[in-house]
Protein chains: 2
Amino acid sequence: MNQTNANQGGGIDRRMVVLTEGATEPVGAKTATSVIRYRSDEVLAVLDSTQAGRTADELLGVGKGIPIVASLDDVPQANTLLIGIAPSGGRIPAPWRAVILEAIRRGMNVVSGLHEFLSSDPEFSAAAAEHQVQLFDVRKNNERDCAQRQGIREDCLRIHAVGHDCCVGKMVVAIEVAKGLQRRGHDTKFVATGQTGIMIEGDGCPVDCVVSDFVNGAAEKLVLANQQHDILLIEGQGSLAHPKYSAVTLGLLHGCMPQGMIFCYEVGRTHHHGMEYMPIAPMDQIMRACETMANLMYPSKIIGIAMNSRRVSATEADDERRRMRDKYELPVCDVFRHGADDLVAAVEKLKSELIR
Amino acid sequence: MNQTNANQGGGIDRRMVVLTEGATEPVGAKTATSVIRYRSDEVLAVLDSTQAGRTADELLGVGKGIPIVASLDDVPQANTLLIGIAPSGGRIPAPWRAVILEAIRRGMNVVSGLHEFLSSDPEFSAAAAEHQVQLFDVRKNNERDCAQRQGIREDCLRIHAVGHDCCVGKMVVAIEVAKGLQRRGHDTKFVATGQTGIMIEGDGCPVDCVVSDFVNGAAEKLVLANQQHDILLIEGQGSLAHPKYSAVTLGLLHGCMPQGMIFCYEVGRTHHHGMEYMPIAPMDQIMRACETMANLMYPSKIIGIAMNSRRVSATEADDERRRMRDKYELPVCDVFRHGADDLVAAVEKLKSELIR
């Protein structure tokens, strides 16, 4: 936890420019979109020379009034550059190197969630030393502890967002349900497990960058570190059915031992994000896999379904919601379109069943 | 592959001392046991001052005539020290540091499969430089590629050893079945996925030390690199039900996409190895989980059961074998006690069903 706290740049007065050069759209730039959604007070501008003059709101659907600019010259008061994408593989796009170096030379700190660490790059680290700025590699970690399955509080309710693919909104579902529970007076913590969640929440663990033998242990440590709260909303990663990321997904699921899961999916998504030749397995099969695998570690069930309906109309979304409710006999909602109340109620119901 | 080839010390004339100080028994020193079993021609002695004067065969059940010695002084002709244990967490036991340093000072190379790399230790690396010896960290890797699910040969049969726990013999089952298939004239490759397998086979990938986002990809690369063979016997890791290691297990299972699995278990084992307070889930449940999860990626089934009957009598083993055959209607054998023929035949049967 200390490690990741130190690496995400929290506690500093951040006046940020979010870099999304050539990729300012909600899914490709999901880090940018979510940081702007939940930390808009810290974001001065988005940097994308191909979209300069427009606003974040127009292209990302969040960040009303936040301008898209062509150059760091346009935002002289900024003190931090945040890398706003998280591509598969996590490498730094070559054309962005010049922008990162320019930010460093201007005395700006740089926050990155990429697998390729800025601080391990000789050119970046030399420039940072020269200009006395900090490079925050949010994914950097030194997790080396295996799961132990000891000291787990039975009276802390662990809710985990799972899903049928990566990039379907598991993080925002966990955040919105946590906020809803907090509004209802529950002592609830959003537990971040990925770079964007950590940038938003200020702590957490980047489980997808942990050495595989220690993923379960890193997830368990997140539980141990936060179980003083009554309810944990634990961000999910990838999918048990994802060809690339299923190892991360299962280690996290087993390490955090949820009593309840919220299943997240995007309406109309048929193929894996970034692998358009790979069909996604039927949703029933993936839901069964989630329950089968969770129950190998701890009694667990899916208590609700979060639909991401961004690509369909309001009417289509409502139809889909009814269809899914009837089929699964579970609460179903799009946390942005319908609010998260139904999922909040499902968590409260599970809590009343399991804990006193 | 190059990386791991370079890291395992293959191709060098190795005259080895295997270090098991204070831990010379078959499970705790499973690396030692397996290296001696399959590379006995390269092993001059086992180093354990608490057991000096006995032989490897007496304590490990393998290595007839290989002496256990108290000091490197007793084996002046040795040129390599091999660390013979793989503890959970993979750290170097403190009392072994002196022995490792002494070996380096004597001009011996050191081969280690621990998570804590010898080459990253300032004292070891300085000593190695001074005495011009090589430190082979078998687990060291720089895997950074996600799985792609492209270019997979349909006519290469991929068989994967899975199991109900770690340390039940998945590696030896894969090796013995591969040897059996080779004897029957099949172009078969044992694909190593852990440090001991790599030390024996001379190539492979230490998947449990790969960053979790890239485990599936690393396993897939092993398939791509070896699918010129007709049959691959791919070593398994951990268990889908293991609290510590399930992330590794699933990433490997999904990355290597087996058409057939051999399920390995130890007769009488009721609790997870190294976690004696954690009961192992019922075998049926774990077998179902293996098939459920494998089929999310590629059509797959369990084609045979490998029992490890080392703790029971020959009569008990035969009774168990009959019981399991009747229950699962699958071939069942202990590859050491009964030979691997039944499993070899099961692989041949699957090959004839799937490939021409």
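So, here is what we can say about the structure in this document.

Here is what the cut-offs are and how they apply
- Residues numbered from 1 in each chain as written.
- Chains lettered and ligands numbered in written order.
- Predicted model: local features only at pLDDT ≥ 70, side-chain atom pairs only at ≥ 80, totals over all residues.
- Heavy atoms only, no water.
- Helix = DSSP H or I, 4+ residues; strand = E, 2+ residues; numbered from the N terminus.
- Rg over C-alpha atoms; globule rule 2.2 N^0.38 Å.
- Buried < 20%, exposed > 50% of the residue type's maximum accessible area, 1.4 Å probe, protein only.
- Contact = heavy atoms within 4.5 Å.
- Areas by Shrake-Rupley, 256 points an atom, 1.4 Å probe, with all protein chains shown as cover.
- Lys, Arg positive; Asp, Glu negative; His and termini not counted.
- Charge placed at Lys NZ, Arg CZ, Asp CG, Glu CD.
- Pairing = 2+ DSSP bridges.
- Axes fitted to C-alpha atoms, helices over the stretch in contact; angles between N-to-C directions.
- Phe/Tyr/Trp six-rings, centres within 6.5 Å; stacked < 30°, edge-to-face > 60°.
- Lys NZ or Arg CZ within 6 Å of the ring centre and 35° of its normal.
- Salt bridge = Lys/Arg side-chain N within 4 Å of Asp/Glu carboxyl O.
- Arc of directions from axis to C-beta.
- Polar contact = N/O pair within 3.5 Å; in protein donor to acceptor, adjacent residues only side chain to side chain.
- Parallel < 35°, antiparallel > 145°, perpendicular 65-115°, else oblique.
- Left-handed = near helix turned anticlockwise from the far one by under 90°.
- Nonpolar A, V, L, I, M, F, W, Y, C, P; charged D, E, K, R; others polar.
- Right-handed = clockwise from strand over helix to strand, strands pointing away.
- Least-squares fit on C-alpha atoms with pLDDT ≥ 70 in both.

1. Looking at the overall build of chain A
Along the backbone of chain A there are 12 helices and 14 strands. The globule rule puts the C-alpha radius of gyration for 356 residues at 21 Å, and the 20 Å found for chain A is close to it. With the C-alpha coordinates of chain A rotated into their principal frame, the extents come out at 55 × 50 × 45 Å. Burial status across chain A gives 62% buried among its 356 residues. In chain A, of all internal contacts separated by at least 6 residues, the share reaching a separation of at least 24 is 75%. As presented, chain A carries roughly 13,000 Å² of accessible surface, and 47% of it is formed by carbon and sulfur atoms. Here chain A contributes 38 positive and 45 negative side-chain charges, whose respective centroids are spaced 3 Å apart.

2. Observations concerning the sheet that holds strand S10 (residues 260–266) of chain A
Residues and elements named next belong to chain A. Strand order in the open sheet formed by six strands is S8-S9-S7-S10-S13-S14, with parallel pairing between adjacent strands. Among the strands making up the open sheet, the edge pair consists of strand S8 (188–191) and strand S14 (332–333). Direction of pairing for strand S13 (residues 301–308) relative to S14: parallel, over a ladder of two bridges. Across the sheet, Ile305 pairs through a bridge with Val332, a residue of S14. Against the sheet, helix H11 (residues 314–328) contacts S10, S13 and S14, and its axis sits at roughly 165 degrees relative to S13.

3. Observations concerning the packing of aromatic side chains
The geometry of an aromatic ring pair comes down to the distance between the two centres and the angle between the two planes. The final tally for this structure, using the stated rule, is zero aromatic pairs over all chains. Note that Arg158 of chain B overlies the ring of Tyr298 of chain B, its terminal NZ or CZ placed 4.6 Å from the centroid.

4. Quick word on the sheet that holds strand S5 (residues 109–112) of chain B
Residues and elements named next belong to chain B. Pairing within the open sheet is parallel, and its six strands lie in the order S3-S2-S1-S4-S5-S6. Edge positions in the open sheet fall to strand S3 (68–69) and strand S6 (135–137), since each of these has one partner strand only. Here S5 pairs with S6 via three bridges, running parallel. The residue bridging Val110 from the neighbouring strand is Leu135, located in S6. Contacting strand S1 (16–19), strand S2 (43–47) and strand S4 (80–83), helix H2 (residues 30–39) runs over the sheet at an angle of about 160 degrees to S2. Along the sheet face, helix H4 (residues 96–105) touches S1, S2, S4, S5 and S6 and points at about 155 degrees away from the line of S4.

5. Here we look at the pattern of salt bridges
This structure, assessed with the given rule, holds 52 salt bridges over all chains. Each of Asp165, Glu266, Arg269, Arg310 and Arg311 of chain A takes part in one network of salt bridges that share partners.

6. Observations concerning the environment of Val75 of chain B
For Val75 of chain B, the location among the structural elements is in the loop between S3 and S4. Through-space distance from the C-alpha of Val75 of chain B to that of Ala45 of chain B is 7.3 Å; in sequence the pair is 30 residues apart.

7. Observations regarding helix H5 (residues 122–131) of chain A
Residue and element names in this part refer to chain A. Listed as buried for H5 are Phe124, Ala127 and Ala128. Taken down its axis, H5 places every buried residue within 100 degrees of arc, on the same side. Summarising the geometry of H5, the exposed residues directed more than 90 degrees from the buried face are Pro122, Ala129 and Glu130. The N-cap residue of H5 is Asp121: its side-chain oxygen and the backbone nitrogen of Glu123 are 3.0 Å apart. Looking at the residues trailing H5, positive phi occurs at Gln132, about 50 degrees.

8. Some remarks on the environment of Arg37 of chain B
Residues and elements named next belong to chain B. Within the secondary structure, Arg37 sits in helix H2. Using a relative accessible area of 31% as the deciding quantity, one classes Arg37 as partly exposed. C-alpha of Arg37 to C-alpha of Glu143: the two residues are 106 residues apart in sequence and 29 Å apart in space.

9. Considering the packing of helix H6 (residues 170–183) of chain B against helix H12 (residues 341–354) of chain B
Residue and element names in this part refer to chain B. The geometry of H6 relative to H12 is characterised by a closest axis approach of 9 Å and an angle of 70 degrees between their N-to-C directions. Taken together, the axis directions place H6 and H12 in an arrangement best described as roughly perpendicular. The two elements H6 and H12 meet at a crossing, and its hand is right-handed. Residues Val173, Val177, Gly180 and Leu181 of H6 lie in contact with H12, whose contacting residues are Leu343, Val344, Val347 and Glu348. Taken together, the residues of the contact of H6 with H12 break down into six nonpolar, one polar and one charged.

10. Topic: the pairing of S8 of chain A
Residue and element names in this part refer to chain A. Side chains Thr188 and Phe190 project from S8 onto one buried face, and the interleaved Lys189 and Val191 project onto a second face that is buried too. Summarising the sheet, S8 and strand S9 (residues 231–234) pair through four bridges and their orientation is parallel. Bridge assignment links Lys189 to a residue of S9, and that residue is Leu232.

11. Concerning the pairing of S1 of chain B
Residue and element names in this part refer to chain B. The alternating pattern of S1 places Met16 and Val18 on one face and Val17 and Leu19 on the opposite face, and all of these are buried. For the crossover that starts at S1, traverses H2 and ends in the parallel S2, the hand is right-handed. Inspection of the sheet shows S1 paired to S4 by four bridges, in the parallel sense. Counterpart to Val18 in the pairing with S4 is Leu82.

12. Structural notes on the relation of the copies chain A and chain B
Each copy of the sequence occupies a distinct position, and chain A is placed on chain B by a rotation of 180 degrees and an axial shift of 0.0 Å, giving an RMSD of 0.0 Å. Taken together, the rotation and translation describe the operation of a two-fold axis. The fraction of interface residues of chain A whose copies in chain B are also interface residues reaches 100%, indicating that both copies meet through the same surface.

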